[in-house]
Amino acid sequence: EAGVAQSPRYKIIEKRQSVAFWCNPISGHATLYWYQQILGQGPKLLIQFQNNGVVDDSQLPKDRFSAERLKGVDSTLKIQPAKLEDSAVYLCASSLGPGGQSGGKNYGYTFGSGTRLTVV
Amino acid sequence: AQRVTQPEKLLSVFKGAPVELKCNYSYSGSPELFWYVQYSRQRLQLLLRHISRESIKGFTADLNKGETSFHLKKPFAQEEDSAMYYCALFPNSGGSNYKLTFGKGTLLTVNP
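Here the structure is a predicted model, which means the values were calculated and not measured. (Residues numbered from 1 in each chain as written. Chains lettered and ligands numbered in written order. Predicted model: local features only at pLDDT ≥ 70, side-chain atom pairs only at ≥ 80, totals over all residues. Heavy atoms only, no water.)

Draft legend 1. Quick peek at the sheet that holds strand S7 (residues 60-61) of chain B. All names here are of chain B. Ordered by their spatial adjacency, three strands build an open sheet running S3-S8-S7, and the pairing between neighbours is antiparallel. Since the sheet does not close on itself, it has two edges, and those belong to strand S3 (19-21) and S7, each with one partner. As judged from the two bridges shared by S7 and strand S8 (residues 72-74), these two strands associate in the antiparallel manner. Looking across to S8, one finds that threonine 60 is bridged to lysine 73. (Pairing = 2+ DSSP bridges. Helix = DSSP H or I, 4+ residues; strand = E, 2+ residues; numbered from the N terminus.)

As structure tokens, then:
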């Protein structure tokens, strides 16, 4: 099966500029996640979608970050304006159901290769 | 709220030596625990989950509810095991914290 696709792989922007990332999950995966991974730390959940609805965006800095999954398939994450501290790898993941669960079993998440953002 | 702690940022062993990557968690309910691995220039991927009681690439992990630990072990490390390892917790009780929480990771280096 095809994996989770993300683009671009790398992005370098100046602070106060805007940037957008794209993610196409595995076909049939209802749940989509955006994680932020700062160097030296574990991935931190920014937002979780169930189909085209937001389930959890409690850790999304909403003054500058936004995300959408309009048709319940692919998703975009935007930062506007970017700050130096936004430099990180942005990971997209998908799963059959919330938390990776489906039919009483947990299949885990499938991650994309990530987008490495550098804000200068 | 749930929390995952990986006390070692770096772990270096020689090929053929046993390896144990530590993971401790705090969660009031009964969680599901996972180990994810990220090899150099590859994406983060699921290594194993406690509920399956499986052994993947020679690695095993046992959930110790008394010690709230989920350490990852392998009796004989190989050079290809060098990677970043993340312990992750999923809360089965749901609610507002119904999400996978990762530790900060341990970078394992297996030397020849």
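The structure having been displayed, the exposition proceeds.
Draft legend 2. Just the nonpolar core, in detail. Ranked by size, the top nonpolar core spans 25 residues in total, and within it B:Trp35, B:Leu72 and B:Tyr85 carry the most contacts. Looking at this core, the elements with two or more residues in it are strand S2 (10-14), S3, strand S5 (31-38), strand S6 (45-49), strand S9 (83-91) and strand S11 (106-111) of chain B. Sorting elements by how many residues they give to this core places S9(B) first, with four residues. Within the second largest apolar cluster, 21 residues are counted, among which are A:Ile26, A:Trp34, A:Phe49 and A:Cys92. (Core = buried A, V, L, I, M, F, W, Y, C linked by side-chain atoms within 4.5 Å. Buried < 20%, exposed > 50% of the residue type's maximum accessible area, 1.4 Å probe, protein only.)

Draft legend 3. Molecular detail of the environment of A:Trp22. Residues and elements named next belong to chain A. Inspection of the secondary structure puts tryptophan 22 in strand S3 (residues 19-24). Relative accessible area serves as the criterion here: at 30%, tryptophan 22 is assigned to the partly exposed category. Each C-alpha atom, one on tryptophan 22 and one on leucine 117, is 13 Å from the other, the two residues being 95 residues apart in sequence. Not counting chain neighbours up to four residues away, the residues in contact with tryptophan 22 comprise Ala5, Gln6, Ser7, Trp34, Asp74, Ser75 and Thr76. At 2.9 Å, the side chain of tryptophan 22 and the side chain of aspartate 74 are in polar contact. (Contact = heavy atoms within 4.5 Å. Polar contact = N/O pair within 3.5 Å; in protein donor to acceptor, adjacent residues only side chain to side chain.)

Draft legend 4. View of the packing of aromatic side chains. Per the counting criterion, the structure on display carries 14 aromatic pairs over all chains. Where A:Phe21 meets A:Tyr90, the ring centres are 5.0 Å apart and the plane angle is 25°; that geometry is what we call stacked. Taken as a pair, A:Phe21 in strand S3 and A:Tyr90 in strand S9 (residues 88-95) lie far apart in primary sequence, 69 residues in all. In this structure A:Phe21 comes out as buried when scored by relative accessible area, which is 1%. Here a set of aromatic residues connected by ring pairs shows up, and it is made of A:Tyr33, A:Tyr35, A:Tyr109, A:Phe111, B:Phe34, B:Tyr36, B:Tyr86 and B:Phe102. (Phe/Tyr/Trp six-rings, centres within 6.5 Å; stacked < 30°, edge-to-face > 60°.)

Draft legend 5. Structural detail: the state of the cysteines. Residues and elements named next belong to chain B. Per the counting criterion, the structure on display carries two disulfides over all chains. Disulfide partner of cysteine 23: cysteine 87, at an S-S distance of 2.0 Å. With the S-S dihedral at roughly -65°, the linkage between cysteine 23 and cysteine 87 falls on the left-handed side. Of this pair, cysteine 23 sits in the loop between S3 and strand S4 (24-26) while cysteine 87 sits in strand S9; the two residues are 64 residues apart in sequence, bridging distant segments of the chain. Per residue, the accessibility class of cysteine 23 equals that of cysteine 87, and both read buried. (Disulfide = S-S within 2.5 Å.)

Draft legend 6. Spotlight on the interface of chain B and chain A. Taken residue by residue, the interface counts 19 residues in chain B and 24 residues in chain A. Along the contact surface separating chain B from chain A lie zero salt bridges. The tally of links from chain B across to chain A stands at five residue pairs in polar contact (both at pLDDT 80 or more). Those elements that provide at least two residues to the side of chain B that touches chain A are S5, S6 and S9 of chain B. A per-element tally of the side of chain B that touches chain A places S5(B) first, with four residues. (Salt bridge = Lys/Arg side-chain N within 4 Å of Asp/Glu carboxyl O.)

Draft legend 7. Quick peek at the sheet that holds strand S7 (residues 65-68) of chain A. Residues and elements named next belong to chain A. Within the open sheet, the four strands sit side by side as S1-S3-S8-S7. Their pairing is antiparallel. Either end of the sheet is taken by a strand with one partner, and the two such strands are strand S1 (5-7) and S7. Each neighbouring strand pair of the sheet contributes to a mean axis angle of 15°, computed without reference to strand direction. Relative to S3, S1 runs antiparallel, the two being bridged by three bridges. Opposite serine 7, over in S3, you have tryptophan 22 as the bridge partner. (Axes fitted to C-alpha atoms, helices over the stretch in contact; angles between N-to-C directions.)

Draft legend 8. Up close: the pattern of salt bridges. Residues and elements named next belong to chain B. The full count for this structure, using the stated rule, is five salt bridges over all chains. One salt bridge in this structure joins lysine 73 and glutamate 20, with 3.7 Å as the shortest N-O distance. Taken as a pair, lysine 73 in strand S8 and glutamate 20 in strand S3 lie far apart in primary sequence, 53 residues in all. Lysine 73 gets classed as partly exposed once you look at its relative accessible area, which sits at 41%. Through salt bridges with shared partners, one network takes in Glu20, Lys22 and Lys73.

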